[in-house]
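One-letter residues, chain by chain:
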Amino acid sequence: MKTLADRYNPQEVENKIYQWWEKSGYFKAEDKSTKPPFSIILPPPNVTGFLHLGHALDHTIQDLLIRWKRMSGFNTMWLPGTDHAGIATQSVVEKELKKTGITRHGLGREKFVEKIWDWKHEYGDRIYGQMRRLGDSCDWDRATFTLDEGVSQAVRKVFVTLFKKNAIYKGLRLVNWSGPLETAISDLEVEHKQIKSFIYHINYPVDGTNEFLTIATTRPETMLGDTAVCVHPDDERYQHLIGKTVTVPLINRKIKIIADTYVDKEFGSGVVKITPAHDFNDYKIGKTHKLEFINLLTKKCEMNENAGPYQGLKVIEARKKVLEDLKALELLAKEEPHVNSVGHCSRSGAVVEPFLSEQWFMKMNDLAGPAKRVVESGTIRFEPESWTKVYLHWMNNIEDWCVSRQLWWGHRIPAWLCADCEKNTVSETDPTTCEHCGSQKIKQDEDVLDTWFSSALWPFSTMGWPNTESHSAETQQTFYPTNYLVTGHDIIFFWVARMIMMGLEFKKDVPFRTVYIHGLVRDSQGRKMSKSLGNSVDPIDMIEKYGADALRFTFLAHLYSGKDLKFSEQRVEGYRNFMNKVWNGSRFVLSNLHDFKVPVEGVNALPSKTEISVFDQWIIAKLAEVEKQVHDCLEAERFSEAATALYQFVWNQFCDWYIEFTKPIMNSSNAAEKQATQLVMAQVLNRTIRLMHPFCPFLTEEIYANLPIKGEACII
RNA sequence: AGGGAGUUAGCUCAGUUGGUAGAGCGCGACCCUUACAAGGUCGAUGUCGCAGGUUCGAAUCCUGUACUCCCUACCA
């Protein structure tokens, strides 16, 4: 036996061990097996991204579960993948190109998409390398990218099927719009920031009288698109004006005074201007009162021809000019300072404008019903349970999903518009003629699908659906539904809910049984980690400094029921020390087994009680306790409790007491007594190491390799 | 505004059926005792946010209240 260094050195061990695991095929799942299945699909990280602490936490939990189940005799499949992340990736590559003076439009769609693929090929596997550093025991052969051929097939089949059921339609709607990116964006991509601004009170002359109606607004430029002003039906001040008209200053359009209970009599002047094409609330009013929708903006968010003299100005410039002109007309009654939260595009930083545009939508009501019921009935369980309420609340307020994005990177919408009959041909395979009139003048829709569309199909598209050849069929048969979905609470609606709906619709079964929601990783002061704050920590740095096992143990030991986790390096250092303690305890045991004879009874045989001392009996009893505790805690997803139990057993019981006890025995001349204790300590170490393996796989595997008592690899 | 979570030792947090307050880090003293100084032994530290209530007994249950945080929606 070689001599082991008196300090555990992760750098020397981790790479070597990981390569050996991978080469030996330990992570591979079997499509057909007599073992019970256990599967997890990894939430796919952004293909251009780096592994951050949030991923590291997320992956550690999944790897713990997978390794534990694998060691418990399950046929485990942990399927890795990456996401094309449409808007995020496109803007990253676009920014890079800009540095060399090239614009997306200058390059053209085809060339630009090629550039992104180049980028993907260059950096797409970077995150897989980082996952290996962490010890993720994924079945790499099954790694999937959301733009892979198989996934594309799934996407098309789902789109076409839903379209034929009238569950997907095209319509003119108000959406969040990012000017710089020239696309609709999802609510998730909108960040609200508190902005100090003003409320402007503007006088609208009432036609045929000398009266004014004073309206208040934070966005005066939108008045150019006003198509009504609204008062509360019970407001006595304005009863006599309902039904009359006012003239919008600057553009001199006559618009009606309408009444709706939406207006708060107490707020401001009690009169609201209605701009249905540029405000979500006004949009609803516009719909109910059948108002005209006047769009004021171009796709770049500049004022368009409907803005008259303001055409060509940016929103902010238009605002300034409108105010100046109002002042000149003495129609600006007053301005008050005001703080309100304004939506910003999380990718470009620009202010998000509500913008009227033609988009594809998915009807959600019919899909939501079953998805609610499986959670209500407990077929899908949220852990912690409190997220159930959040989920159901969202599902009860569900709205149709805008699935189209005006991007170039993503799954292109499988719809071909006919120039002759102006109808769409929606098809799984590229058509050559219009299915309505037979014309050949058809052109594919320019838009791509929201990234979350392909994400929603992830649990089964990764398993080969809709392909029915035997291999995929077996994979689905064995591993669908998966056992766990592990993710943060920020995407319960955007992702978790949609996977449930799609799984039920297309696989007739839930995509997973348990949704384990963990908290977010924050800095030691509880702030969000971000580049701009300079407080973000690179998990790879932590791994290099303290080892992957220490980082993993840190997460697991502080993972309490969905709470956010404040990350401090000091803590990683503490668990690094613990790893070293395990190392040295093992080293002591190993150094005392030189003359130990492995019993013929087998590797798991423990000496009978009569042959061993009370200390031996005590440590065996304690080991049994901690084994049960760890098992129970993992079953109940109480990871920190399991980690703490291990920590205390190893340090306070095995090292502090038991090892001290064995020292005189190891020096004893009584060979039988020594052999008995050697067997106990070897066996206890063996079982402890295996118990710890899902928590700190590298260290334990390295120790296991040196144990005289064992079967095969630790992880089996 | 609505919803959720939290308030326990200097710091970060445990404390699952109510029964004499716990861990890690940090701090103090002493130890190179043949696995480990990334270590060992010993030690100090808390009216468990505040106020009531239920109980023989409450950090734990109930009511109220203060403060903090998160999510969703934002008032023209």
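Residues numbered from 1 in each chain as written. Chains lettered and ligands numbered in written order. Predicted model: local features only at pLDDT ≥ 70, side-chain atom pairs only at ≥ 80, totals over all residues. Heavy atoms only, no water.

A.B. asks: Which residues make up the side chain of Ser586, and what are the values?
C.D. replies: Within the secondary structure, Ser586 sits in helix H18 (residues 569–591). Beyond its immediate stretch of four places on either side in the chain, Ser586 contacts Leu685, Ile689 and Ile703. (Helix = DSSP H or I, 4+ residues; strand = E, 2+ residues; numbered from the N terminus. Contact = heavy atoms within 4.5 Å.)

A.B. asks: Tell me what's going on with the protein's contact with RNA strand B, and back it up with residues and numbers.
C.D. replies: The immediate surroundings of RNA strand B are formed by 37 residues, with Arg7, Ser341, Lys563, Arg576 and Glu641 found nearest. Backbone atoms, meaning sugar and phosphate, make up 51% of the atoms of RNA strand B lying within 4 Å of the protein. Contacts to RNA strand B include Lys566, whose side-chain N or O atom sits 2.9 Å from a phosphate oxygen. Here a sugar or linking oxygen of RNA strand B sits 2.8 Å away from a polar atom, N or O, in the side chain of Asn584. It is H18 that contributes the most residues to the surface near RNA strand B, 10 residues altogether. Broken down by class, the residue content of the surface near RNA strand B amounts to 11 nonpolar, 11 polar and 15 charged. (Near = heavy atom within 4 Å. Polar contact = N/O pair within 3.5 Å; in protein donor to acceptor, adjacent residues only side chain to side chain. Nonpolar A, V, L, I, M, F, W, Y, C, P; charged D, E, K, R; others polar.)

A.B. asks: Pulling in residues and values, what's your account of the confidence of the model for chain A?
C.D. replies: The share of residues in chain A with pLDDT of 70 or more is 96%, and the mean pLDDT across the chain is 87. Scoring of the predicted complex yields 0.90 for pTM and 0.91 for ipTM. (pLDDT = per-residue confidence, 0-100.)

A.B. asks: Could you give an account of the side chain of Ser91, with specific residues and numbers?
C.D. replies: As for its position among the elements, Ser91 is in helix H3 (residues 86–99). Here Ala88 takes part through its backbone oxygen, which lies 3.2 Å from a polar atom of the side chain of Ser91. If we skip the residues at most four places from it in the chain, Ser91 touches Leu181 and Arg347.

A.B. asks: I'd like a rundown of the sheet that holds strand E20 (residues 442–444), residues and numbers included.
C.D. replies: Strand order across the open sheet formed by three strands is E19-E18-E20, with antiparallel pairing between neighbours. Of all strands in the sheet, those bounded by a partner on one side alone are strand E19 (424–426) and E20. For this sheet, the mean angle separating the axes of adjacent strands, direction not counted, is 30 degrees. Of the pairings in the sheet, the one linking strand E18 (residues 415–418) to E20 comprises three bridges and is antiparallel in character. Bridging from a neighbouring strand, Cys418 pairs with Ile442 of E20. Relative to the sheet, helix H7 (residues 149–164) contacts E18, E19 and E20, its axis offset from that of E19 by approximately 125 degrees. (Pairing = 2+ DSSP bridges. Axes fitted to C-alpha atoms, helices over the stretch in contact; angles between N-to-C directions.)

A.B. asks: Describe the sheet that holds strand E5 (residues 168–178), listing the residues and the values that go with them.
C.D. replies: Taking strand neighbours across the sheet as the criterion, the four strands line up as E6-E5-E14-E16 in an open arrangement whose pairing is antiparallel. In this open sheet, the two edge strands, each paired with only one partner strand, are strand E6 (183–185) and strand E16 (401–402). By the bridge criterion, two bridges tie strand E14 (residues 353–362) to E16 in an arrangement that is antiparallel. Each residue of the ladder has a partner; that of Phe361, found in E16, is Cys402.

A.B. asks: Can you break down the packing of aromatic side chains residue by residue, with the values?
C.D. replies: Scanning the model with the defined rule gives 41 aromatic pairs in all. Taken together, the ring pairs connect Phe553, Tyr575, Phe578, Tyr647, Trp651 and Phe695 into an aromatic cluster. The ring of Trp21 carries Arg67 above its face, with NZ or CZ at 4.2 Å from the centroid. Of note, Arg173 hangs over the ring of Phe361, and the distance from its end group to the ring centre comes to 4.5 Å. (Phe/Tyr/Trp six-rings, centres within 6.5 Å; stacked < 30°, edge-to-face > 60°. Lys NZ or Arg CZ within 6 Å of the ring centre and 35° of its normal.)

A.B. asks: Before we move on, can you summarise a negative patch on the surface with the specific residues and values?
C.D. replies: Where like charges cluster on the molecular surface, the negative patch consists of Glu110, Glu114, Asp118 and Glu122. Considering the arrangement of structural elements, one finds Glu114 in helix H5 (residues 109–123). (Patch = residues over 30% accessible without salt bridge, like charges linked within 9 Å, V, L, I, M, F, W, Y side chains within 5 Å. Areas by Shrake-Rupley, 256 points an atom, 1.4 Å probe, with all protein chains shown as cover. Salt bridge = Lys/Arg side-chain N within 4 Å of Asp/Glu carboxyl O. Lys, Arg positive; Asp, Glu negative; His and termini not counted. Charge placed at Lys NZ, Arg CZ, Asp CG, Glu CD.)

A.B. asks: Which residues make up the environment of Leu172, and what values go with them?
C.D. replies: Checked against the element boundaries, Leu172 lands in strand E5. As a C-alpha pair, Leu172 and Leu356 span 184 residues in sequence and 6.6 Å in three-dimensional space.

A.B. asks: Account for unusual backbone geometry, naming residues and giving values.
C.D. replies: A cis geometry characterises the amide bond from Glu383 onward to Pro384, with omega recorded as 0 degrees. With an omega of 5 degrees, the peptide bond running from Trp465 to Pro466 counts as cis. Turning to its location among the elements, Pro466 is positioned in the loop between helix H13 (458–461) and helix H14 (470–479). Notably, Cys301 is not glycine yet its phi reads approximately 65 degrees, a positive angle. For Lys508, which is not a glycine, the phi torsion comes out positive at approximately 55 degrees. Inspection of the secondary structure assignment puts Lys508 in the loop between helix H15 (492–506) and strand E23 (512–518).

A.B. asks: Mind laying out the packing of helix H2 (residues 53–71) against helix H17 (residues 548–557), listing which residues take part and the relevant values?
C.D. replies: In the contact formed by H2 and H17, the axes pass within 10 Å of each other and the chain directions differ by 85 degrees. With respect to each other, H2 and H17 are oriented roughly perpendicular. Contact with H2, carried on its side by Leu53, Ala56, Leu57, Thr60, Asp63, Leu64 and Arg67, involves Leu551, Arg552, Phe555 and Leu556 of H17 and no other residues of that element. Of the residues belonging to the contact of H2 with H17, the class tally is seven nonpolar, one polar and three charged. (Parallel < 35°, antiparallel > 145°, perpendicular 65-115°, else oblique.)

A.B. asks: An account of the packing of helix H19 (residues 614–635) against helix H20 (residues 639–666) is requested, with residue identities and associated values reported.
C.D. replies: With their axes 9 Å apart at the nearest point, H19 and H20 run at an angle of 170 degrees to one another. Relative to H20, the element H19 is oriented roughly antiparallel. Contacts from Phe615, Asp616, Trp618, Ile619, Lys622, Leu623, Val626, Gln629, Val630, Cys633 and Leu634 in H19 reach Phe639, Glu641, Ala642, Ala645, Leu646, Phe649, Gln653, Phe654, Trp657, Tyr658 and Phe661 in H20. Of the residues belonging to the contact of H19 with H20, the class tally is 17 nonpolar, two polar and three charged.

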